[in-house]
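Residue strings, one per chain:
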Amino acid sequence: MACILLTGGAGYIGSHTFVALAEAGHDVVILDDFSNSDPGVVARMGRVAGREPTVVRGSVLDEALLGRVFAEHRIDGIIHFAALKAVGESVERPLDYFSTNIGGLMTLMRAARAAGVWRLVFSSTATVYGDPGDRAVPETAPRSHTNPYAFTKLTCEQMLEQAAAAEPWCVGVLRYFNPVGAHPSGLIGEDPRGLPNNLMPYVAKVAIGALPELQVFGDDYATPDGTGMRDYVHVVDLARAHVASVEALLDGRAHTLNIGTGRANSVLELVEAYGRAAGRALPYRVVGRRAGDVAITYADPSRARAELGFEATLDLDAMCRDSWRWMRAQASGFRLNDPE
Ligand code: WQD
């Protein structure tokens, strides 16, 4: 059993990772400023996991606070989720993204080094591959950035590479493809503020009646049904990958891994799958392409299988069913006993 610090641990992927770590018998300390999460999620995380995490409210940019966290808790490893992550927003607010994403990692590393904590899992993204084309993307694919968000993630990866060459950092870089879904309990899930940028949360709001219809961004791509294709990975699978990653670091095994299923589904396939979960056909309208979108991207997941023994097991229907249960539970104020 270890004590793991989750920065941004009350967020979408962080909350599911807390549950997976608790189920694996680890202690968890969460640092979160709740800028993009609801404090009420902590109690629900505790209900799912059977015990609540230790929560420190604050920013990963607050080096003095970080120093106190490391002084008051015997932290064995860190999983760093705290960051800004909306591509479109990053184009409008690049300096905020540089400060929070790059400055935040630097601050965290300074505090961790001062405390002698050298094991760090970094939350990265498949966006660093740019447009890899219609092939399963290996970790050796060229990296590039087409927006400030991707620039910050690529820069952080390179900072970690260079730091590990000079000091005893043991780093796990996880490049997520498209995380979607929710915990099967219906108690935690994706709860984006404002209008969702991403497909699944937008479709979920159409299904629950909070939005009138989905706009499909283009159906003239070189794909079977003309709509964009992505490697959607269930957030519960992704959380399991984080447990395997931090446990590999505790064992001294650094890594850089794609976390995906190795399969791609189209926008229309996801809309149909969500309709099956919600029990009705969901309304959509095809509009023009979104700037910056690529036709298809999906992972070669073989290195994660080889190095962590990790494989995603949950399929698109499970992702949609769990997301739909979460939407209904939220709409009921979490009073549904069995939100099937
Ligand atoms: C998926 C598909 C759209 C919305 C982004 C970031 C990536 C990561 C995940 C942070 C595409 C189509 C979408 C809509 C649509 N985020 N779509 N209508 O763009 O693959 O990845 O989110 O780490 O870094 O780049 O995900 O869900 O936005 O889009 O038709 O209202 O759905 O064109 O084909 P994306 P997405």
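Reading guide: rules and limits
Residues numbered from 1 in each chain as written. Predicted model: local features only at pLDDT ≥ 70, side-chain atom pairs only at ≥ 80, totals over all residues. Heavy atoms only, no water. Buried < 20%, exposed > 50% of the residue type's maximum accessible area, 1.4 Å probe, protein only. Helix = DSSP H or I, 4+ residues; strand = E, 2+ residues; numbered from the N terminus. Pairing = 2+ DSSP bridges. Salt bridge = Lys/Arg side-chain N within 4 Å of Asp/Glu carboxyl O. Near = heavy atom within 4 Å. Polar contact = N/O pair within 3.5 Å; in protein donor to acceptor, adjacent residues only side chain to side chain. Areas by Shrake-Rupley, 256 points an atom, 1.4 Å probe, with all protein chains shown as cover. Nonpolar A, V, L, I, M, F, W, Y, C, P; charged D, E, K, R; others polar. Phe/Tyr/Trp six-rings, centres within 6.5 Å; stacked < 30°, edge-to-face > 60°. Contact = heavy atoms within 4.5 Å. Core = buried A, V, L, I, M, F, W, Y, C linked by side-chain atoms within 4.5 Å. Axes fitted to C-alpha atoms, helices over the stretch in contact; angles between N-to-C directions. Parallel < 35°, antiparallel > 145°, perpendicular 65-115°, else oblique. Left-handed = near helix turned anticlockwise from the far one by under 90°.

Peer 1: Summarise the pairing of strand E4 (residues 77-80); cite the residues concerned and give the values.
Peer 2: Side-chain alternation along E4 places Gly77 and Ile79 on one buried face and Ile78 and His80 on a second face that is also buried. The pairing of strand E1 (residues 3-7) with E4 spans four bridges and is parallel. Bridging across to E4, Leu6 finds its partner in Ile79. As judged from the three bridges shared by E4 and strand E5 (residues 119-125), these two strands associate in the parallel manner. Considered in E5, the bridge of Ile79 is made with Val121.

Peer 1: Break down the sheet that holds strand E13 (residues 265-266) for me, with residues and values.
Peer 2: The four strands are arranged E6-E15-E10-E13 in an open sheet whose pairing can be described as mixed. Strand pairing shows two members of the sheet lacking a second neighbour, strand E6 (136-137) and E13, which therefore form its edges. As defined by bridge partners, strand E10 (residues 229-230) adjoins strand E15 (residues 296-299) across two bridges and the pair is classed as parallel. Bridge assignment links Arg230 to a residue of E15, and that residue is Thr297.

Peer 1: Break down the pattern of salt bridges for me, citing the residues and quoting the values.
Peer 2: Between side chains of opposite charge, a pair can form as their charged atoms come close. The full count for this structure, using the stated rule, is 19 salt bridges. Taking the shortest distance from any N to any O, the salt bridge between Asp27 and Arg51 comes out at 3.3 Å. With Asp27 in strand E2 (residues 27-32) and Arg51 in the loop between helix H2 (41-49) and strand E3 (54-57), this pair connects stretches of sequence that are 24 residues apart. Residue classification places Asp27 among the partly exposed residues on the basis of a relative accessible area of 32%. For Arg51, a relative accessible area of 33% corresponds to the partly exposed category. As a salt-bridge pair, Glu161 and Arg143 come within 2.9 Å of each other at their nearest N and O atoms.

Peer 1: With reference to specific residues and values, describe the site of the ligand.
Peer 2: Taken together, 19 residues surround the ligand, and among them Thr127, Tyr149, Leu199, Arg230 and Asp293 come closest. In this structure, an oxygen atom belonging to the ligand sits 2.8 Å away from a main-chain N or O atom of Leu199. In the model, an oxygen atom of the ligand is placed 2.6 Å from a nitrogen or oxygen of the Asp293 side chain. Protein contact buries 89% of the 690 Å² of open area that the ligand shows by itself. Its residues placed into classes, the shell around the ligand shows eight nonpolar, seven polar and four charged.

Peer 1: Let's hear about the packing of aromatic side chains: which residues, and what values?
Peer 2: Per the counting criterion, the structure on display carries five aromatic pairs. Here the aromatic rings of Phe98 and Phe151 are separated by 5.4 Å at their centres, their planes lie at 65 degrees, and the arrangement is edge-to-face. Taken together, the positions of Phe98 in helix H5 (residues 94-115) and Phe151 in helix H6 (residues 148-166) put the pair 53 residues apart, joining distant regions of the chain. For the ring pair Tyr274 and Trp324, a centre distance of 6.4 Å and an interplane angle of 80 degrees mean the geometry is edge-to-face.

Peer 1: For H2, give the residues involved together with the corresponding values.
Peer 2: Of all nine residues in H2, seven are buried, a share of seventy percent or more. Elements in contact with the buried residues of H2: helix H1 (12-23), E2, E3 and helix H11 (316-331). Following H2 by one or two positions, Gly50 has its phi on the positive side, about 85 degrees.

Peer 1: Outline the nonpolar core, listing residues and values.
Peer 2: Counting 42 residues, the largest nonpolar core has Leu6, Phe18, Leu21, Ile79 and Ile259 as its most contacted members. Those elements that place two or more of their residues in this core are E1, H1, E2, H2, strand E7 (170-176), helix H8 (235-250), strand E12 (255-259) and helix H10 (302-308).

Peer 1: Got a sec to walk through the packing of H1 against H8? Specific residues and values, please.
Peer 2: Across the interface, H1 lies against H8 with an axial gap of 8 Å and an inter-helix angle of 60 degrees. Compared by their axis directions, H1 and H8 come out oblique. Considering how the two elements wind past one another, H1 and H8 form a crossing that is right-handed. The residues of H8 that touch H1, namely those facing Tyr12, Ile13, His16, Thr17, Ala20 and Leu21, are Val235, Val236, Leu238, Ala239, Arg240, His242, Val243 and Val246. Per-class residue counts for the contact of H1 with H8 are 10 nonpolar, three polar and one charged.

Peer 1: Go over the side chain of Thr125, please, and point to the residues and values.
Peer 2: With respect to the secondary-structure elements, Thr125 resides in strand E5. Excluding its chain neighbours within four sequence positions, the residues that come into contact with Thr125 are Tyr149, Lys153, Leu174, Arg175 and Tyr176.

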